[in-house]
Amino acid sequence: MLYGDVKSLMTVDIMRDYFLTLGKVWIVVAKTDIVVYETNHMLHSFHGDFSFSHHRREIPVLKHFLKTVTPSRYQEDFYFNKLWFHIFGCLPVGSFCGKIGVCPLNTFLEFLPGNVDIMTISDTSYLIYNAVHSLAHALHEILLEKTEKTSLQAANQTLLLLRQDIPPRNCYNSMRPSVYRDGVLVLGGFFPLYFLEPESDMVRLSFLSRPMDKMETYRWLWKNYQYVLAFRFAIQEINKDPQLLPNLTLGFQLYNSVTSGQFTLRSTLHWLTGKHHLIPNYTCQTQGKTVAIIAGTTSAFSAEIGTMLELYKTPQITYGPFDPMLSERDKFPSLYQMATSDSSLAYGMLSLLLHFGWIWVAIFVSNDMKGEQFLQDIEAEMVKKGVCLAYSVKLPDTKSRYEETEISFLEGIRISSANVHILYGDVMGLYTMEFLSKYYLTLGKVWIMATKWEIVVKETDHMLHSFHGGFSFSQHKEEIPGLNHFVKTVDPSHYPEDFFLSQLWLHAFHCVPPGPLCGTIGVCPPNASFEFFPGRIDMLTISDSSYFIYNAVYAVAHALHKMLSEQMEKRSPGDTSQPRILPWQLHQLLRKIQFTNSAGEDVSFHETRHHMPHYDIHNIVNFPAGFRLLIKIGEFSPECARGEDLVLNEEMIEWPVAFKETPQSLCSQRCGPGFRKMPQEGKHVCCYTCVVCPERDISNHTDAEQCIPCADHEYPNQDRSRCLPKLVTFLAFEEFLGMALACMALCFSVLTAAVLWVFVKHRDTPIVKANNRTLSYILLITLLLCFLCSLLFLGRPNTATCLLQQIAFGLVFTIAVSTVLAKTITVILAFKALKPGRTIRRLLVSGTSNFIIPICSLIQLVLCGIWLGTSPPFIEVDKHSEHDYIILVCNKGSVTAFYCVLGYLGSLALASFIVAFLARNLPDTFNEAKFLTFSMLVFCSVWVTFLPVYHSTKGKVMVAVEVFSILASSAGLLGCIFAPKCYVILIKPDKNSLKALRNQYNSQCSLHLHLLISWVLNLSMSFHILQRNLHYRLPYFLGKNMKFCNLKCVYVIVKKRTDVLFSLYEFLCSPFLGNLDFSNFLHFIHNLNVK
């Protein structure tokens, strides 16, 4: 569906010539006779489509008129005659140009050949017919009213007043080449005010006839008339200044100048010739007054006319952008540039890019040396600052607006991922961008203009333009006093010779005040001034070029003043004639001129002048009515310190309509805090992927190249964007794990103390006495210490606790395990090694087993002493075990010593387990060998499991594992050894008595008792026989018959026989009813043998 005004719809038709769309159905909501005009396409894009138009009734006489009309009826109509000749190739008799050829009989518009249908009345033709009739009816009503009141003569006068609104014809048709105001000396000004286009006769050139110098204005550049105003204002100020060029009036001569392949030198030739008709290599001026030329909107124009001006050594002062090529004195010795070098422009634009984080940009430069140099400079700075170039385009050379231009790059603008574009180059190349952007509207791009905005973006009919929301860099300038007031008050009546001003006034206000050449046209409103200029042109914002033009006029004036002063000093007192000044005489003075303008800025052409200009940054704002404005939003000062050189007021920035907030221009999405950039192979450095920082590293800014490790006393937060201080912690009593372990230790300690109390209280009971009461006491006390030593591992570590932890642990567990070993060895050897003559028997009889505990403990004590002497434990700050905390732990010091202690303890435990395992099946009522075996199995299992778990944990958990292993192994010893005895003592006390044992085993001991009695009655045979049989037979009866009970009967039989028997009785009637303490018994017999 196509809807819009005629101009834009014609643009669509022009563009579809290059982009033919045959597969689309168009619904045209406009005047289709204008939109779809004549075209050479056989199959048109609009073929088969629909057009909506207002319903209208047919005008009967109009169709008949079209069928019968011929050029002979309208001889004065040149257009109709030309149309007739173009279509039919002939003209009838009575035409404007006379008869040409022979027209056929059916030569009427009804039979119009080709693809033009003139018989179908269009909407526009219908409305024109009605408009003419409406105007006629209105005039008729006015004349009727006047006729009733006044005479016919008064009515004719009224008609003349109505006709005054029609501008004189010569105001439109006579385009003057220049505007001139006389003076003693004249300054020439070349300003781009309009585009020229040759008439059709001039296009078809031929050497057979003289070329016709017929031109027509294609388009006015009304904004550029501000150059003329600044030029006039400067001359007016100088003429009024009594201190500068006194008694001398400056005049001016204005010419239009636009760089183009055909008309660049046209205005220059007019200036040199002095006539309307161009005569190359001739001048028709008898005495030239022009002393200097102010020109050069573009470097191309300055260079082209500079070659011609150099022939006459006429100074040319340019007001366009600075071009280093024009500074070459060998090529352009008569050319001076008002603009300073743009050496800091690349830094300013780069600062703006970095300020908003734009690191993915496209650059458009003019296809010349200046554009190439700028591209190289800014690319070098972009590499240093990490900004990437998405792509660069050299704008096509468009010196002629009529030449075809390569525009394929424009399609890439819209689809490019770069949202920021830098535009730099000559005026015409940038104008091409403006012209073509009408067809390639790019609302989602931010443009940064590195040139004169008022030239680049000219008048356009777009409501929202592609450049809206962009930025423009211009050299900083102070306000010229009085210039704004002059612009506000000037009108054509002040400069009647200025044809350009009259045209501008007529265009803007549809009137011309009295005074100009065209005379009075219409009635101007009272507020008709540039201050209230209608439309989209801002004449009050002084552009860079206007500022340079003002300075250029003053530079010439100061040079003239100095030259005149020098000539006056050399003249004789009586000579009053005006000295003659030739243009070439100004060069030496212009090179050395230096002055301060009314704005307070130093102006000179010296090579050592200021080369680091400050820049004003403007935001480009388009308003819906078509009016655009430059709003100053910041400055760039390259001489300031880094970080202070760019000043922006972001609240005043208006962004393009496609963005609701500050736009981004990135090849890849930004890596936020906690991520780092990882470049992609084969792509720009700005194209990367984001990788999460390692566990202990952070990145606290966007797009970090590398992650930063946190200090040992800090840890990264969850987002890994900043480091937080670690809290000092340890396995404290207050936390749950520490409290649980402490409670377990205390509970087991209390339980151990309770068991010890039970054993002490029942120390005379058979079960307590049968299991070596002393070793039981030692084992219980040691287990109590084992439970309590685990508390040393809890709480805040200090030097004392670190030293005591491992030493206490090693010693108390060594005592506990050696006690178990002593008990087990005593049992196993008593049963297995009691045959007469054995060496082990003699060792056991001598009480060697009682030295197991001190010997084993002494060895462990030596190891611990070596440990403390070489590398004792110390407090360690563990910063790596836990993410959020610094853990205070006790370092073992020497790992070797720690494992030596632990290995020695393990060897004792393993020995105890083996000995207990061998004694597990020994007979007796209260034989605890099985319980010792199981307890050591639990003990060994705990510490074997401890080793891998201990090495796989760190920090507080490692300490907790060690504490738990201490408690578990200690509890295993306590439970496995003493739980059955406590059960008998507390729950089954009836089994812990002689009477119960006697009743249980009375029936089984009669046979063994008679054998024993008969054996004892023969003791008197010899003491040797007693010793031998007692040592050999008694273990046999006790061992083979499983149980031996009711030994008191021995007292009844042998009480009165001898003292030896009495001693035997006392021993046999001792409370060792289960596992008899055979070592004491053998020791007793041994004493008898000695005696």
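Further up the page is the structure itself.
Residues numbered from 1 in each chain as written. Predicted model: local features only at pLDDT ≥ 70, side-chain atom pairs only at ≥ 80, totals over all residues. Heavy atoms only, no water.

Novice: Can you help me understand helix 19 (residues 544–570) in this one?
Specialist: For an α-helix, 3.6 residues make a turn, and residues three or four places apart therefore share a direction. Taking 1.5 Å of rise per residue, the 27 residues of helix 19 would be expected to cover 39 Å, and the 39 Å separating its terminal C-alpha atoms lies within 8% of that figure. Within helix 19, 19 of the 27 residues are buried, which leaves the element mostly enclosed by the surrounding structure. (Helix = DSSP H or I, 4+ residues; strand = E, 2+ residues; numbered from the N terminus. Expected span 1.5 Å × (residues − 1). Buried < 20%, exposed > 50% of the residue type's maximum accessible area, 1.4 Å probe, protein only.)

Novice: Any chance you could explain the state of the cysteines here in plain terms?
Specialist: One covalent bond between the sulfur atoms of two cysteine residues makes up a disulfide. This model, assessed by the stated rule, comprises 7 disulfides. Each disulfide pairs two cysteine sulfurs, and for Cys-388 the partner residue is Cys-686, the sulfurs being separated by 2.0 Å. Note on the Cys-388 and Cys-686 pair: the S-S dihedral is about 90°, so by sign convention the disulfide is right-handed. Highlighted residues: Cys-388 in strand 13 (residues 388–395) and Cys-686 in the loop between strand 22 (675–679) and strand 23 (688–692), separated in sequence by 298 residues. (Disulfide = S-S within 2.5 Å.)

Novice: Got a minute to help me understand the sheet that holds strand 11 (residues 335–337) in this structure?
Specialist: Strand pairing in a sheet takes place through backbone hydrogen bonds and is either antiparallel or parallel in direction. A sheet is described by the order of its strands in space; here 6 strands give the open sequence 4-8-5-9-10-11, paired in mixed fashion. Edge positions in the open sheet fall to strand 4 (178–181) and strand 11, since each of these has one partner strand only. Within this sheet the neighbouring strands show an average axis-to-axis angle of 20°, counted without direction. Sheet analysis places strand 9 (residues 290–295) next to strand 10 (residues 316–318), joined by 3 bridges and oriented parallel. Across the sheet, Ala-295 pairs through a bridge with Thr-318, a residue of strand 10. Of the strands in this sheet, strand 4, strand 5 (185–191), strand 8 (250–256) and strand 9 are in contact with helix 9 (residues 225–240), which crosses strand 8 at around 170°. Relative to strand 9, helix 19 is tilted by about 160°, and along the sheet it contacts strand 5, strand 8, strand 9 and strand 10. (Pairing = 2+ DSSP bridges. Axes fitted to C-alpha atoms, helices over the stretch in contact; angles between N-to-C directions. Contact = heavy atoms within 4.5 Å.)

Novice: When you look at unusual backbone geometry in this model, what are you seeing that I'm missing?
Specialist: Most of the time, phi is negative for any residue but glycine, and the peptide bond is trans. Although it is not a glycine, Asn-247 sits at a positive phi angle of roughly 60°. Considering the arrangement of structural elements, one finds Asn-247 in the loop between helix 9 and strand 8. Note on Asn-247: relative accessible area 77%, which makes it exposed. For Arg-720, which is not a glycine, the phi torsion comes out positive at approximately 55°. Position of Arg-720 relative to the elements: it lies in the loop between strand 26 (714–716) and strand 27 (723–725). Overall, the relative accessible area of 24% leaves Arg-720 in the partly exposed class.

Novice: Please explain the packing of helix 21 (residues 736–761) against helix 29 (residues 955–987) as it appears in this structure.
Specialist: Between two packed helices, the angle of one axis relative to the other and the distance separating the axes together describe the packing. Interaxial distance between helix 21 and helix 29 falls to 10 Å at its minimum, and their mutual angle equals 30°. Comparing the axis directions of helix 21 and helix 29 gives the class roughly parallel. Relative to helix 29, the crossing made by helix 21 is left-handed. Residues Leu-737, Leu-741, Met-744, Ala-745, Phe-748, Leu-751, Thr-752, Val-755, Val-758 and Phe-759 of helix 21 pack against Ala-960, Val-963, Phe-964, Leu-967, Ala-971, Leu-974, Phe-978, Lys-981, Cys-982, Ile-985 and Leu-986 of helix 29. A breakdown of the residues in the contact of helix 21 with helix 29 according to their chemical character gives 19 nonpolar, 1 polar and 1 charged. (Parallel < 35°, antiparallel > 145°, perpendicular 65-115°, else oblique. Left-handed = near helix turned anticlockwise from the far one by under 90°. Nonpolar A, V, L, I, M, F, W, Y, C, P; charged D, E, K, R; others polar.)

Novice: Would you mind going over the pairing of strand 8 with me for this structure?
Specialist: Each regular strand shows side chains that alternate between the opposite faces of the sheet. By the criterion of burial, strand 8 is predominantly enclosed, with 7 of the 7 residues buried. On strand 8, burial covers both faces: Leu-250, Phe-252, Leu-254 and Asn-256 on one face and Gly-251, Gln-253 and Tyr-255 on the other are all buried. Here 4 bridges tie strand 4 to strand 8, and the two strands are oriented antiparallel to one another. Its bridge partner lying in strand 8, Arg-181 is registered against Phe-252. Across 7 bridges, strand 5 lies against strand 8 in parallel orientation. The residue bridging Leu-187 from the neighbouring strand is Phe-252, located in strand 8.

Novice: What am I meant to see in the packing of aromatic side chains here?
Specialist: Aromatic ring pairs are described here by two measures, namely the spacing of the ring centres and the angle between the planes. Scanning the entire structure with this criterion turns up 38 aromatic pairs. Ring geometry for Phe-813 against Phe-939: centres 5.7 Å apart, planes inclined by 35°, an arrangement best described as tilted. Here Phe-813, found in helix 24 (residues 799–832), pairs with Phe-939, found in helix 28 (residues 929–951); they are 126 residues apart in sequence, far enough to count as distant. Of the aromatic side chains, those joined through ring pairs into one cluster are Phe-809, Phe-813, Trp-867, Phe-898, Tyr-899, Phe-939, Trp-943, Phe-946 and Tyr-950. The lysine or arginine in question, Lys-892, covers the ring of Phe-898, its NZ or CZ lying 5.3 Å from the ring centre. Between the NZ or CZ atom of Lys-956 and the centre of the ring of Tyr-885, over which it lies, the distance is 5.9 Å. (Phe/Tyr/Trp six-rings, centres within 6.5 Å; stacked < 30°, edge-to-face > 60°. Lys NZ or Arg CZ within 6 Å of the ring centre and 35° of its normal.)

Novice: I keep staring at the packing of helix 26 (residues 852–870) against helix 27 (residues 895–918) and nothing clicks. Help me out?
Specialist: At their nearest, the axes of helix 26 and helix 27 sit 9 Å apart, and the two run at 170° to each other. Judged by the angle between their axes, helix 26 and helix 27 are roughly antiparallel. When helix 26 is examined against helix 27, the residues Cys-856, Ile-859, Gln-860, Leu-863, Cys-864 and Trp-867 are found in contact with a partner set consisting of Ala-897, Phe-898, Cys-900, Val-901, Tyr-904, Leu-905 and Leu-908. Looking at side-chain class alone, the contact of helix 26 with helix 27 contains 12 nonpolar, 1 polar and no charged residues.

Novice: Would you take a moment to explain the pattern of salt bridges for this structure?
Specialist: If charged atoms from side chains of opposite charge come close, those side chains can pair. Tallying each qualifying case throughout the model produces 16 salt bridges. Here Lys-289 and Asp-182 are joined by a salt bridge, their closest N and O atoms 2.9 Å apart. One end of the pair, Lys-289, is in the loop between helix 10 (266–273) and strand 9; the other, Asp-182, is in the loop between strand 4 and strand 5, and 107 residues separate them in sequence. The exposure class assigned to Asp-182 is partly exposed, which follows from its relative accessible area of 45%. We note a salt bridge from Glu-381 to Lys-384, for which the minimum N-O separation is 3.7 Å. Linking Glu-381 with Lys-384, this pair stays in helix 13 (residues 369–385), spanning 3 residues, or about one helical turn. Classification of Glu-381 by relative accessible area gives buried; the value is 10%. Residue classification places Lys-384 among the exposed positions, given a relative accessible area of 65%. (Salt bridge = Lys/Arg side-chain N within 4 Å of Asp/Glu carboxyl O.)

Novice: Is there a simple way to think about the sheet that holds strand 28 (residues 727–729) in this case?
Specialist: Taken in spatial order, the 3 strands of this open sheet run 28-30-29, and their pairing is mixed. Because the sheet does not close on itself, it has two edges, and the strands there are strand 28 and strand 29 (874–878). Pairs of neighbouring strands in the sheet enclose a mean axial angle of 30°, with direction left out of account. Pairing analysis gives 3 bridges linking strand 28 to strand 30 (residues 885–891), with the strands arranged parallel. Across the sheet, residue Thr-729 finds its bridge partner in strand 30, namely Ile-887. Each of strand 28, strand 29 and strand 30 touches helix 29; the most contacted strand, strand 30, lies at about 40° to it.

Novice: Whenever I open this one, the side chain of Thr-819 confuses me. Can you help?
Specialist: Looking at the secondary structure, you find Thr-819 in helix 24. With relative accessibility at 0%, the residue Thr-819 sits in the buried group. Excluding its chain neighbours within four sequence positions, the residues that come into contact with Thr-819 are Leu-775, Ile-778, Leu-779 and Ile-853.

Novice: Would you mind showing me how to read the environment of Tyr-225 here?
Specialist: Mapping Tyr-225 onto the fold places it in helix 9. With relative accessibility at 3%, the residue Tyr-225 sits in the buried group. Along the backbone, Tyr-225 and Met-539 are 314 residues apart, and their C-alpha atoms lie at a distance of 8.4 Å. Those residues within four positions of Tyr-225 in sequence are excluded, and the remaining contacts are Leu-193, Arg-232, Asp-498, Phe-500, Leu-501, Leu-504, Phe-530 and Met-539.

Read these as geometric descriptors, not functional statements.
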